[in-house]
Structure formats: C-alpha cells, structure tokens
Amino acid sequence: MNPRFGRTELPERQAKALRKAIRFEWCTLAFLAVAITMVYLVMGSSQAMKAAWIEDLLSLAPPIAFLLAVRLVNKTPNQKYPYGYHRSVGVAHLVAGVALFTMGAFLIYDSATGLITAEHPPIGSVVLFGQTVWLGWLMMGAMALTIPLPIYFGRVKMRLAEELHDKVLYADADMNKADWMTAAGSIVGVAGIGLGLWWTDAAAALFIAASILSDGFKNMKAAITDLMDTRATTFDDGRPHPDAAKVDAYLESLPWVARAGSRVRDQGHVFHVEAFVVPHRGMMPTLTDLLDARDGCIDLDWKVQDIVLVPIDELPEEVGGPDRSRQSERNR
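Residues numbered from 1 in each chain as written. Predicted model: local features only at pLDDT ≥ 70, side-chain atom pairs only at ≥ 80, totals over all residues. Heavy atoms only, no water.

Novice: Tell me about the pattern of salt bridges, and please be specific about residues and values.
Specialist: A complete count under the given rule lists 15 salt bridges for this structure. For Glu163, the salt bridge identified is with Arg13, shortest N-O distance 3.0 Å. In this pair, Glu163 is assigned in helix α6 (residues 148-164) and Arg13 in helix α1 (residues 12-42), connecting sequence segments 150 residues apart. Taken together, the shared-partner salt bridges connect Lys167, Asp226, Asp237 and Asp266 into one network. (Salt bridge = Lys/Arg side-chain N within 4 Å of Asp/Glu carboxyl O. Helix = DSSP H or I, 4+ residues; strand = E, 2+ residues; numbered from the N terminus.)

Novice: Describe in detail the packing of aromatic side chains, supporting the description with residues and values.
Specialist: Within the structure shown, the criterion is met by eight aromatic pairs. Centre to centre, the rings of Phe24 and Tyr152 are 5.8 Å apart; their planes meet at 50°, and the pair counts as tilted. Of the two residues, Phe24 is situated in helix α1 and Tyr152 in helix α6; the sequence distance between them amounts to 128 residues. Accessibility expressed as a relative area gives 11% for Phe24, which makes it buried. Seen in terms of ring centroids, Tyr40 and Trp53 are 5.4 Å apart; in terms of plane orientation they differ by 40°. Their pairing is tilted. With Tyr40 in helix α1 and Trp53 in helix α2 (residues 47-58), this residue pair connects regions lying 13 residues apart in the sequence. The exposure class of Tyr40 is partly exposed, given its relative accessible area of 48%. Of the aromatic side chains, those joined through ring pairs into one cluster are Phe24, Phe31, Tyr152 and Phe153. (Phe/Tyr/Trp six-rings, centres within 6.5 Å; stacked < 30°, edge-to-face > 60°. Buried < 20%, exposed > 50% of the residue type's maximum accessible area, 1.4 Å probe, protein only.)

Right, here's the structure in full:
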C-alpha cells in the first residue's frame, strides 16, 4: 500500500519520493551524529568552531520534524481533528524556525562581543601518534570532511521537497546549504588565527550566526503565514501555487459556470480549497453537476485533498470579484 497523507493516497511517483526522503533524513541524522561528535572533540576555544558545532546541533531539528510530521499526517481525520493532522507539518516548520532564529540571535551577540572586546582565542597543540600537531589542522580537517555530504543531501532534498510540496524538507535542504557554508567559514576563521589574524575567528562566527539568523527568520515567517491561512504558495514560498489557477480554469470550462474563484489553504502537504462558482443565468447546477465538478478538481492534482463548491451570485472580492463599494459608487 502506498504511504498516505491523511485520506489522500499518494500517486506512485510521490510515494517513491516520500520513501526516498525518509531514507535521506535518516542518513542525515546519522551523518550529523558523527559530525557533531567530531567537531566537539576538536573545537577548542574557537568561536567559529563553537558556532559551527551549535549550527550542526540545530541541523537536527528539520529532519526530526519531518520524520515526526510524516508519522502524524498518516492519522485519519476524526471528530476532534476534522481536517486531519496535516497542520503538524506547519507546526514542525514553526518550531524549527523559532529555534534557528533564537540561536542565531544569541550567536550574533556572543560573536560580536568577542570581536568588540578583542578576544584572542588560543589554539594549542595535541600529541597525536607521538607527534605534536597544531590543533588548528585538526579543526580544519574535521570541517573539510563535513562539506561534501551536505552539498549532496541539499540538492537531493530540494528536488524531493518540490515533488512532495514539503516546506519542512525544503527548510532542511536550505539548512544543508548553511552547513557546508558554515564549515567553509570555520576553516577560514581557524586559518586566520594560524596566520596571526585573531579577528578572523570572530568574523567567521558572525558570518555563521548571520546565516543561522537569516534561515530562522525566513522559515519562521513562512511557517507563521502558512498557519494564518495565507494564499497557498509553492514549496519555496517563491510564488502563488498554480493549483488555484488550475481549479478556477477547470471550473470556468464547465458549461454551466460563468465565473469561478478559489481560496486555497496550505495544510502542510495538501490543499483545502473553497471554490466559489457563479452559474450562468437560468442554469442552476444539479447535485450531480456539483459532484462531477468536485471530482474533476480533485483529479487535477494529488495535493487537492478537500474541496468545497459554493454556488453564489457574485464572487467575493478576495477571489477576484468586483469591489461592491466601488460598484455602488459608480451606480450612483
């Protein structure tokens, strides 16, 4: 049986993408467990390394949120949750965004304080296999090892996020980009200390913190607006989702419909649609007409889970209807 989001059975293509996304998230957690341990063992007193370590810890939030949300949305709707559990994706998205934003703000304060007070972080040496080795080499080596996989994970997850319309998965892909950029910034900061440029460490930590803060703000804003039932957008919040226009175009192609306009709510992976239709004069639709129109809308895209058709004499302004106050002014 294919995985399900609530009552919506995924098409085979999306079901395959979901299974792949789950595997990649478990792989991400395994990678982060190793990376967090490795960075902790070599970070010393470097601010850039500390910021990178905290950023790796925060990177656990999106994959964990995704895996939890996938389990929750499989529950069927009930009397207490008549719309199902799809909003759990939005809640997980918000929690991850708030965590990123809060920690980014703290790290900016901590790094800026170190830069203003001109703290000179010492990087000592360790004995490794009987040889004295500057700890900075181990720091840079550890960070270099954490660069390739996040680049690969991020690219794959970005494609899967678009396929599944999953904003938590998109946030995780964005976080993977921040991971490898953080690693590169940490290498620059530690190398600067080795060259006697003490300020590069704090500057690199500031760069990392700003990246975390930016990711947190962007994801927090997107999650809040989705929970407030803003107009449904694409997985990356780049533009209005085309499904709304598809539903309107399909309904207006029906012989009994004069005009149509829809309100589309993003429930996480799927959409709930309220479609207002203005029938042609003297062509009031039958129950069969409405049921056929509903089924036709659902067949347009697997993301159209629930749809309510409302025959009405005039479209509301928010879905493209006329402004009644201006119309009354013109009539006067």
